[in-house]
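These are the residues of each chain, in order.
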Amino acid sequence: MPKSRLRKKADYTPPPSTSTAVKISSGRSWVAPLMLVFFLVGLVWIVTYYVTSGDWPVGSWGNWNILAGFGFIAAGFGVSTQWK
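Keep in mind that this is a model prediction, so the values were computed, not measured. (Residues numbered from 1 in each chain as written. Predicted model: local features only at pLDDT ≥ 70, side-chain atom pairs only at ≥ 80, totals over all residues. Heavy atoms only, no water.)

Enquirer: Can you walk me through the overall build of the chain in this structure?
Expert: Of regular secondary structure, the chain possesses 2 helices and 0 strands. Dimensions of the chain, computed from the C-alpha atoms along their principal axes, are close to 105 × 30 × 15 Å. The burial tally for the chain puts 17% of its 84 residues in the buried class. Of the roughly 7,500 Å² that the chain leaves accessible, carbon and sulfur atoms contribute 66%. (Helix = DSSP H or I, 4+ residues; strand = E, 2+ residues; numbered from the N terminus. Buried < 20%, exposed > 50% of the residue type's maximum accessible area, 1.4 Å probe, protein only. Areas by Shrake-Rupley, 256 points an atom, 1.4 Å probe, with all protein chains shown as cover.)

Right under this line is the structure:
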């Protein structure tokens, strides 16, 4: 029986790249700084309350100052959900 001819396959060459790299800007450059500001304000609020024995930041609020500080921290976590 005659032997068939061997055909050599061409090596794979990828198609030329027609697209260029595109930088996607989310337009949310304000998220990280605002998140850090909320975290720091909350932390400073609570530390100030404890260091001044409740006289500062708002003396008439009493222990509600702790809740206000944690409110700022919670707002920081809320803003962080917008970060991409």
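Enquirer: I'm lost on the packing of aromatic side chains in this one. Help?
Expert: Any two aromatic rings considered together are summarised by their centre-to-centre distance and by the angle between their planes. Under the definition given, this model contains 5 aromatic pairs. On the numbers, 5.7 Å between centres and 40 degrees between planes, the contact of W45 with F72 is tilted. A residue pair is termed long-range when its members are at least 10 positions apart, and W45 in helix α1 (residues 31-51) and F72 in helix α2 (residues 64-80) qualify at 27 residues. Ring pairing ties together the aromatic residues F38, W45, W61 and F72, which thus form one cluster. (Phe/Tyr/Trp six-rings, centres within 6.5 Å; stacked < 30°, edge-to-face > 60°.)

Enquirer: Explain the environment of V41 to me, please; I cannot follow it from the model alone.
Expert: Note on placement: V41 falls in helix α1. For V41, a relative accessible area of 32% puts it in the partly exposed group. Distance from V41 to A75, taken between C-alpha atoms, is 11 Å for residues 34 residues apart in sequence.

Enquirer: Looking at this structure, how should I read α2?
Expert: Along an α-helix, residues three or four positions apart point the same way, because every turn accommodates 3.6 residues. Its 17 residues place the ends of α2 24 Å apart at the C-alpha level, agreeing with the 24 Å of an ideal helix rising 1.5 Å per residue. Here α2 has its buried residues at N65, I66, A68, G69, I73, G76 and V79. Against the buried residues of α2 lie α1. (Expected span 1.5 Å × (residues − 1). Contact = heavy atoms within 4.5 Å.)

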